[in-house]
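The lines below spell out each chain.
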Amino acid sequence: MSELLTTSLLPNVIGGQRVLSPSLRTLPVTEPMTGEIIAVVPLSGADELDAAVNAAREAQVEWGRTPLKDRVQVLFRMKTLVEAEQDHLAEIITRENGKTRAESLGSVLRAVECLEFAASLPQIATGEVLEVSRGVECKTMRYPLGVTGVITPFNFPFMVPLWMIPMALGLGNAVILKPSEQTPLSAIEIARLLEASGLPPGVFSVVNGDREIVEAMCDHPGISAIGFVGSTRVARKVYERGVAAGKRIRALGGAKNPLVVVPDADPEMTAANVVASVTGCAGQRCMAASVLLAVGDVDHILALIKEKMEALVLGTDMGAIISQVAYERITGYLDRAEAGGAQLLLDGRNASLDEAPEGGLFLGASIIDHASPEHETSCDEIFGPTLTVIRCDTLDEAIAIENDNPYGNAAAIYTSSGGTAQYFIDRVEAGMVGVNIGVPVPREPFAFGGWNASSFGGGDITGPSAIDFWTRTKKITTKWSDRYRSNWMS
Ligand code: NAD
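Q: Go over the pattern of salt bridges with me, naming the residues and quoting the values.
A: Note that side chains of opposite charge can pair when their charged atoms are close. Summed over the entire model, instances satisfying the criterion amount to 26 salt bridges. E116 is the partner of K79 in a salt bridge, and the nearest nitrogen-oxygen pair spans 2.9 Å. Of this pair, K79 sits in helix 2 (residues 68-84) while E116 sits in helix 4 (residues 101-119), placing them 37 residues apart in sequence. Accessibility expressed as a relative area gives 37% for E116, which makes it partly exposed. R110 is paired through a salt bridge with E113; the nearest N and O atoms lie 2.9 Å apart. Of this pair, R110 and E113 both sit in helix 4, 3 residues apart, roughly one helical turn. Grouping residues by exposure puts R110 and E113 together as buried. Through salt bridges that share partners, R211, E215, D219, K237 and R241 make up one connected network.

Q: Which residues make up helix 3 (residues 86-97), and what values do they have?
A: Look at helix 3: 16 Å from first C-alpha to last across 12 residues, which is about the 16 Å you get at 1.5 Å a residue. Counting buried positions along helix 3 gives 9 out of 12 residues, so the element sits mostly inside the fold. Burial in helix 3 covers these residues: H88, L89, A90, I92, I93, T94, R95, E96 and N97. In this fold, the buried residues of helix 3 make contact with strand 3 (26-30), strand 4 (37-42), helix 2, helix 4 and helix 7 (185-196).

Q: Lay out the site of the ligand with the relevant residues and their values.
A: Taken together, 28 residues lie near the ligand, and K178, E181, S231, G253 and E381 sit nearest. Look at the ligand: alone it shows 850 Å² of surface, and the protein chains cover 91% of it. Considering every element that reaches the shell around the ligand, the biggest residue donor is helix 9 (residues 232-244), with 3 residues. Here the shell around the ligand spans two domains, and each of domain 1 (8-254 + 450-475) and domain 2 (257-435) adds at least three residues to it.

Q: If you had to explain the sheet that holds strand 17 (residues 410-414) to someone new, which residues and values would you point to?
A: Taken in spatial order, the 7 strands make up an open sheet running 14-15-16-13-12-17-18, and their pairing is mixed. Both edges of this open sheet fall to strand 14 (343-346) and strand 18 (432-435), since each of them pairs with a single strand only. Recorded for the sheet is a direction-independent mean angle of 25° between the axes of neighbouring strands. Across the sheet, helix 11 (residues 299-310) touches strand 12 (257-261), strand 13 (289-295), strand 14, strand 15 (366-369) and strand 16 (386-392), and the angle it forms with strand 16 is around 175°.

Q: How would you sum up the sheet that holds strand 6 (residues 136-144)? Please name residues and give values.
A: An order of 5-6-20 is seen for the 3 strands of this open sheet, with the pairing classed as antiparallel. The two strands at the open ends of the sheet, each matched to only one other strand, are strand 5 (129-133) and strand 20 (471-479). The average undirected angle you get between the axes of adjacent strands in this sheet is 30°.

Q: Residue-level account of the pairing of strand 12, with values.
A: A large share of strand 12 lies buried, amounting to 5 of its 5 residues. Side chains N257, L259 and V261 of strand 12 all project onto a buried face; the interleaved residues P258 and V260 project onto the opposite face, where all are buried too. Of the strand pairs in this sheet, strand 12 and strand 13 are connected by 5 bridges, and their pairing is parallel. From the neighbouring strand, N257 faces strand 13, where its bridge partner is A289. Handedness of the crossover is the feature at issue here: the chain leaves strand 12, passes through helix 10 (residues 267-279), returns alongside strand 13, and the resulting connection is right-handed. Sheet topology places strand 12 next to strand 17; 3 bridges connect them, and they run parallel. From the neighbouring strand, V260 faces strand 17, where its bridge partner is I413.

Q: Report on the nonpolar core, specifying residues and quantitative values.
A: Grouped burial of nonpolar side chains is what soluble globular proteins tend to show. Ranked by size, the top nonpolar core spans 60 residues in total, and within it V82, F158, W163, I165, L194, F204 and W470 carry the most contacts. With 9 residues, helix 6 (residues 159-170) is the largest single contributor of residues to this core. Two domains share this core, each providing at least three of its residues, namely domain 1 (8-254 + 450-475) and domain 2 (257-435). Counting residues in hydrophobic clusters, the runner-up holds 40 residues, among them L259, A271, A282 and L363.

Rules behind the numbers
Residues numbered from 1 in each chain as written. Predicted model: local features only at pLDDT ≥ 70, side-chain atom pairs only at ≥ 80, totals over all residues. Heavy atoms only, no water. Salt bridge = Lys/Arg side-chain N within 4 Å of Asp/Glu carboxyl O. Helix = DSSP H or I, 4+ residues; strand = E, 2+ residues; numbered from the N terminus. Buried < 20%, exposed > 50% of the residue type's maximum accessible area, 1.4 Å probe, protein only. Expected span 1.5 Å × (residues − 1). Contact = heavy atoms within 4.5 Å. Near = heavy atom within 4 Å. Areas by Shrake-Rupley, 256 points an atom, 1.4 Å probe, with all protein chains shown as cover. Domains from an automatic or database assignment. Pairing = 2+ DSSP bridges. Axes fitted to C-alpha atoms, helices over the stretch in contact; angles between N-to-C directions. Right-handed = clockwise from strand over helix to strand, strands pointing away. Core = buried A, V, L, I, M, F, W, Y, C linked by side-chain atoms within 4.5 Å.

This is the structure we're talking about:
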């Protein structure tokens, strides 16, 4: 059963062992819903990373040679275990991250889908064979990269690691996970579940830490590839540093996702969906909408959005903010907007805390109306439950504002016209587009990934594009007989 929910120092997982870090640098892990300290995370040093790489290198040789059909049996068993333990896992996620119970459970079930997809690798990672000349055959075979790294953010401590880990392991790699130091508990659970599913020791490791370990991972010659998810500032840095060290890097960054609402949108469906997108996970997700491009007269829909946001009960309908630093960053945007004369249609700083757990970091939803496209709340990733409304006369104006934004994670339109939706889809600069859906997460077998400053390294993080990322191919050309002579290859 769980080793967690104690206030003791969390271990690293190296070579199949729980190892206590000798590092003198540690951080408390605080429960956002209550303010209680629930664990202490070590900020490991480069020696611990070395030990994990050495153990992983040794274990990966045999694991990489194990047939794919046998490797994925571990993922089948893991899926069953995760389903059986979904309530326990959701509890851990809620405690370390502050999501509502329903959101935590949803993220566990989404992780199950990723395990299912990776378990189907024998059906989808089959390679190709073709007779390229008479009697000459060419085929591709996929090989693992070796020891790989996975670096993750605080906001989905179970799901985001499992976007990458099942595919990387299933394809024969060893994985070293560096979880967010703010939410490190789920990583230890992932290690426990993989062990219980029969993964050989050393193939999966957890090294806790902060910037120092991330930089050491980028530089380490024993790590071939890194999958990173986090803010654009760090994603860019990991990409540049890792590539300079000769690694393959896929790094997803931050976002500023717009929703476009046109007058023919269904008011009730639109309002409910916009509110869910802005306030889900208290706005702390890369797919959260934070800008509404209101085309023409949609005041009746805005009024409904406000009404639904006001009705949200903090602690039940909306979870907590991850840290005091994050709380002050979000309220700082509201303070400055108010001081600058912005129209605060709804002010989350005044939301009722009556039903929220005591000691938690709760903030209600806010709406800033009639903002200019240049205002900081229209441009910056605030990562909290705030919605900035920019008024536009035409759909083209809304699309131009969206496309000026350097990010390109997600965008959505609310309309009842198929033609309007297609016009938007064809022009908007975003990797994931929704029609009447504010969190357009492409579920397996489709791949998750944004464009522009939301993604570095090309390709997507899940789905079929992960097969190419976590493997390298050999192209083998074979001839067994000299009987055929039709061209230079025969
Ligand atoms: P973050 O970038 O601060 O941290 C991500 C990881 O990088 C953590 O493991 C952290 O320890 C490490 N890190 C932090 N600062 C570092 C530095 N200076 N040098 C090296 N490593 C560093 O992100 P976060 O605050 O944990 O998560 C929120 C961000 O993640 C948001 O920007 C959100 O949009 C983004 N995110 C993106 C996606 C996506 O799919 N595009 C998904 C989830 C979250």
